[in-house]
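As a plain string of letters, each chain reads:
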Amino acid sequence: MTNTSLNQGQMLNNSPQNAVDIKQLTTILFHRRYLILGISCAVMSVATLLAIFAKPTYQSSMQILVSSNLYEGVRSNNVQGGTDSDFTDPNFQVVDYTAQLKLMLSSKLIQKAVDVLRPNYPNITLEDIKGKKERGQKSPLDVNQIEGGTGINKVPSQVFEVSFKDKDPVKAQRVLQALQTVYQNYNIEQQNERLHKGLSFVNARLPEIKKEVSQSEKNLEEFRSKHNLLDPEVQSKILLESLADIQKQLQTTRAQLQDIRARQANLEQKMASSSQNAIVSSRLSQSTRYQTLLNEIQKTELALAQQRLRYTDNSPVIQNLKQQRQSQVALLRQEVGRSLGDKITITPNPRQPLLTQGQMVGVDLKLVEEVIQVQTTSLGLLANEKSLVESEQRLRSELNKYPRLIAEYNRLLPDVETNRKTLEQLLQAQQSLGLKIAQGGFDWQVLEEPDRGIYLGSGRLFLLAGGLIIGPILGIVAALIWELFHDVIYSPRQLQRLTNLRLLGTVPNLAERGLKKRLSRLPWNKQPKLASLGVDTSPSLPYHENLDMVYQNIQILKYPLPFKSLMLTSTLAGEGKTTLSLGLAASAAHMHRRVLVIDANLQHPSLHKILELSNDWGLSLLLVDETNTSIADYIQPIHPDIDVLTAGPTPEDTVKLLSSVRMKELIELFEQTYDLVLIDTSAILDTVDARIIASLCNGIVLVGRMGQITQSELIQARDILSKLNLIGAIANDVKDSPKV
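Residues numbered from 1 in each chain as written. Predicted model: local features only at pLDDT ≥ 70, side-chain atom pairs only at ≥ 80, totals over all residues. Heavy atoms only, no water.

On a plain count of helices and strands, the protein chain comes out with 23 helices and 13 strands. Residue pairs in contact within the protein chain that sit at least 24 positions apart in sequence constitute 82% of those at least 6 positions apart. Of the roughly 40400 Å² of accessible surface on the protein chain, a fraction of 53% belongs to carbon and sulfur atoms. (Helix = DSSP H or I, 4+ residues; strand = E, 2+ residues; numbered from the N terminus. Contact = heavy atoms within 4.5 Å. Areas by Shrake-Rupley, 256 points an atom, 1.4 Å probe, with all protein chains shown as cover.)

Structural data, given as structure tokens:
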């Protein structure tokens, strides 16, 4: 058999079959018009009921100025300080208005307002004011911060607008009045509580800090009393300066002492050459009073050197010692004169006993006085040197203690300073917080009192308009969603585009046309008789001029070989293949062709029901008949040119009968007897019977009912039949079908 189907590789569309073609939108909406209309009516009905039972809504509002005395204090300080711009001060905005906005909408405050309203409205709840979030309802209570300025210069202000909506205008006003009271009281309480907490911390810390300050000061005082000094560092500097001065004096004294010793040595040499040296030395050495006075002078010189380290020359102590020294020197001179007589005058030598080597006769008195003066100076310098050395040793001993004292002092003094500073800061904080408490926290000023609720409307027009608009939209959306999951084909063009098959023709709903034809046969209607054209006008035999065009298109495809046997099938049952088989038979008979119509749907036959024929004898019995019964006995004529072979009783195994050699022989016999053999089979996707018969026929025609056949079913049937002799497709039940 010749395969006349087009090349499947030339198919135009294999896109996903659940996609809705935008070009078919009008067709889809038309076919689903009842669904759209039903949904629209349902939505509109609900909107109408809601509008009928909707109650009017009233809104009350108030405006509150939320400011802070702390913020005002900062502003006043900026003004007094000559600040040019508030924005240059980091403390300019001390109030968090976003937090205040959230606080006004908090459940805690709203619950307090509910408690205030409970005497007037016993059944009021938190949800009645705040709303229910889980249901997606908009809250009746609304708090907004009013913006100041215009255009892009808009900035949030300190004014808050609080509004509340309710069905009762008086209740709306009372709710805002309760909220106003709660807001003011809560802000003042919170501010006072926060500041009092700060004071309690300061008051708790003050005794501890005072105790620490007292203890640190006591430790420092004990240190100073114990070591008899105020500041070790200052005292050590003084001692270092004293040590340097003593060392300098010691160097000077030693240098002077060296000069005196050199002079004394020189004078002693001169005296040694004097003849009177021995006499003087002898007489003075024998004088006990002289030696005693000389020792007293030496002690006075030593005491004078020691006191000069402590006092100045103008001190009475120094002056007394000088007078004592002068009187002792005078007594010494008198003793020398008494011992030596008027010839010699001797000045005592403080370093060693004068003239201890015996009396010297003939010694120059000036030389003797000079020797005595040198010895006295030498004794004074020696005493001064000894005192300076002792002072140096004492200072060095004291300086060795100061590193430890300085370390201990540096440890005690910072503790005192730190504790004093902490105490000062706490006292300042106590004073500042006390001032803030006196200021009273936030300042709430009601700019506009809550008024009686203003009528906003009942929303009925909105509900009706919404239902009128949303209803069709939901209907259209539902129709499109339905089409996404039910990819139904509505146009012959779509059928041809999906299968890439030749469209043999389009046929309208023949059942409606048959009804019109029956009505036209009533006595009061005049209708031209088709009998004159050679076609039976029985209402059981459908007819339409488009069927003639379909038959002609099939005839065109027969070259070079005619289609003696044609099988009509569909994707699923109920697509009108049986009706089209009779219609094609009528068109062929109209063209003087002898036609046999076979009902090969052995499992679900319907041809005998349409033609009102007996189904006791038919194809199933003919296939198993082993007698010599004539084939003509199974065939029932319904027209001079049209015979019908019904399906017959339903067999147990249809596949075995249809795939038998007898079936093939019968078809070949019918092709020789008739001009055209039309075989009505079961749906190609329902059973395998149609596939068996398709392999025995010259051609296969696929019938698809518009508005019922789906894209997936059509493509599946095409894939099955494309390997057989599929010649084309017929679009059935096409609205306003044109002639092909």
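What follows covers the packing of aromatic side chains. Here the structure, examined in full by the defined rule, presents two aromatic pairs. Ring geometry for Phe-223 and Tyr-409: centres 6.0 Å apart, planes at 35°, overall tilted. Taken together, the positions of Phe-223 in helix H7 (residues 169-227) and Tyr-409 in helix H12 (residues 365-439) put the pair 186 residues apart, joining distant regions of the chain. Here Phe-223 falls in the buried class, since its relative accessible area comes to 3%. Sitting above the plane of the Tyr-121 ring, Lys-171 keeps its charged end 5.5 Å from the centroid. (Phe/Tyr/Trp six-rings, centres within 6.5 Å; stacked < 30°, edge-to-face > 60°. Buried < 20%, exposed > 50% of the residue type's maximum accessible area, 1.4 Å probe, protein only. Lys NZ or Arg CZ within 6 Å of the ring centre and 35° of its normal.)

With that settled, the discussion passes to the confidence of the model for the protein chain. For the protein chain, per-residue confidence averages 76 on the pLDDT scale, and residues scoring 70 or more make up 78% of the total. Element-level pLDDT for the protein chain is lowest in helix H15 (residues 510-520), with a mean of 45, against a maximum mean of 94 in strand E8 (residues 595-599). Taken as a whole, residues 73-94 scores under 50 in pLDDT and shows twelve contacts with residues more than four places along the chain or in a different chain. Within the model, the stretch residues 512-539 combines pLDDT values under 50 with 25 contacts to residues more than four positions away or in other chains. (pLDDT = per-residue confidence, 0-100.)

Moving on: a nonpolar patch on the surface. A cluster of nonpolar side chains, contributed by Leu-468, Ile-469, Ile-470, Ile-473, Leu-474, Val-477, Ile-481, Leu-484 and Phe-485, occupies part of the molecular surface with about 860 Å² of accessible area. Residue placement: Leu-474 occurs in helix H13 (residues 460-485). (Patch = residues over 30% accessible without salt bridge, like charges linked within 9 Å, V, L, I, M, F, W, Y side chains within 5 Å. Salt bridge = Lys/Arg side-chain N within 4 Å of Asp/Glu carboxyl O.)

This brings us to the sheet that holds strand E12 (residues 699-705). One open sheet holds the eight strands; their spatial order is E6-E13-E12-E7-E11-E8-E10-E9, and the pairing between them is mixed. Taken across any chain shown, the strands that pair with only one partner, and hence form the sheet edges, are strand E6 (503-507) and strand E9 (636-639). Taking the axes of each pair of neighbouring strands and ignoring which way they run, one obtains an average angle of 25° across the sheet. Bridging between E6 and strand E13 (residues 726-732) involves four bridges; their strand directions are parallel. Bridge pairing in E13 places Thr-506 opposite Ala-731. (Pairing = 2+ DSSP bridges. Axes fitted to C-alpha atoms, helices over the stretch in contact; angles between N-to-C directions.)

On to unusual backbone geometry, then. A positive phi is found at Asn-500, a non-glycine position, where the angle reads about 60°. Structurally, Asn-500 is set in the loop between helix H14 (492-499) and E6. Owing to a relative accessible area of 13%, Asn-500 belongs among the buried residues under this scheme. Non-glycine residue Glu-612 carries a positive phi angle of around 55°.

With 21 residues, helix H10 (residues 288-308) should cover 30 Å at 1.5 Å per step; its first-to-last C-alpha distance of 31 Å lies within 8% of that length. What H10 keeps buried is the set Tyr-290, Leu-293, Leu-294, Ile-297, Thr-300, Glu-301, Leu-304 and Ala-305. Along the axis of H10, the buried residues cluster in a sector spanning 135°; they form a single face. Turned more than 90 degrees off the buried face of H10, the exposed positions are Thr-288 and Lys-299. (Expected span 1.5 Å × (residues − 1). Arc of directions from axis to C-beta.)

This next bit is on the nonpolar core. Ile-598, Leu-619, Leu-645, Phe-670 and Ile-679 are the most contacted members of the largest nonpolar core, which has 44 residues in total. Aside from chain neighbours lying at most four places away, what touches Phe-670 is Leu-596, Ile-598, Leu-622, Ile-631, Ile-635, Leu-645 and Val-677. Within the second largest apolar cluster, 31 residues are counted, among which are Leu-504, Leu-611, Leu-678 and Ile-730. (Core = buried A, V, L, I, M, F, W, Y, C linked by side-chain atoms within 4.5 Å.)

Another aspect to go through is the pattern of salt bridges. Per the counting criterion, the structure on display carries nine salt bridges. Between Glu-385 and Arg-254 there is a salt bridge, with its nearest N and O atoms 3.0 Å apart. A residue pair is termed long-range when its members are at least 10 positions apart, and Glu-385 in helix H12 and Arg-254 in helix H8 (residues 232-272) qualify at 131 residues. You can call Arg-254 partly exposed: its relative accessible area is 38%. With a closest N to O distance of 3.5 Å, Arg-594 and Asp-643 form a salt bridge. Here the residue Arg-594 occupies a position in the loop between helix H17 (577-590) and E8, and Asp-643 occupies one in strand E10 (residues 642-645), the gap between them amounting to 49 residues. Exposure remark for Asp-643: the relative accessible area of 9% places this residue in the buried category.

So, on to the environment of Arg-460. The residue Arg-460 is located in helix H13 in this model. Residue Arg-460 is classed as partly exposed on the basis of its relative accessible area, which comes to 40%. When the C-alpha positions of Arg-460 and Ala-54 are compared, they lie 6.7 Å apart, and in sequence the two are 406 residues distant.

For the rest of this paragraph, the subject is the pairing of E9. Here E9 pairs with E10 via three bridges, running antiparallel. Opposite His-639, over in E10, you have Ile-642 as the bridge partner. Hairpin connection, E9 to E10: the antiparallel pair is bridged by two residues.

All right, on to the side chain of Gln-180 then. Within the secondary structure, Gln-180 sits in helix H7. Apart from residues no more than four positions distant in its own chain, Gln-180 is found in contact with Met-62, Val-446, Glu-449 and Pro-450.

Burial runs high along E13: seven of the seven residues are buried. Viewed along the sheet, the connection from E12 through helix H23 (residues 711-721) into E13 turns out right-handed. (Right-handed = clockwise from strand over helix to strand, strands pointing away.)

In a packed pair of helices, the relevant descriptors are the angle between the two axes and the axis-to-axis distance. Two elements in contact, helix H16 (residues 545-556) and H17, have axes whose closest approach is 9 Å; the angle formed by their N-to-C orientations is 75°. By the angle between their axes, H16 is roughly perpendicular relative to H17. Side by side, H16 and H17 meet where Leu-547, Asp-548, Val-550 and Tyr-551 of the first sit next to Leu-580, Gly-583, Leu-584, Ser-587, Ala-588 and His-590 of the second. Among the residues forming the contact of H16 with H17, the class breakdown is six nonpolar, three polar and one charged. (Parallel < 35°, antiparallel > 145°, perpendicular 65-115°, else oblique. Nonpolar A, V, L, I, M, F, W, Y, C, P; charged D, E, K, R; others polar.)

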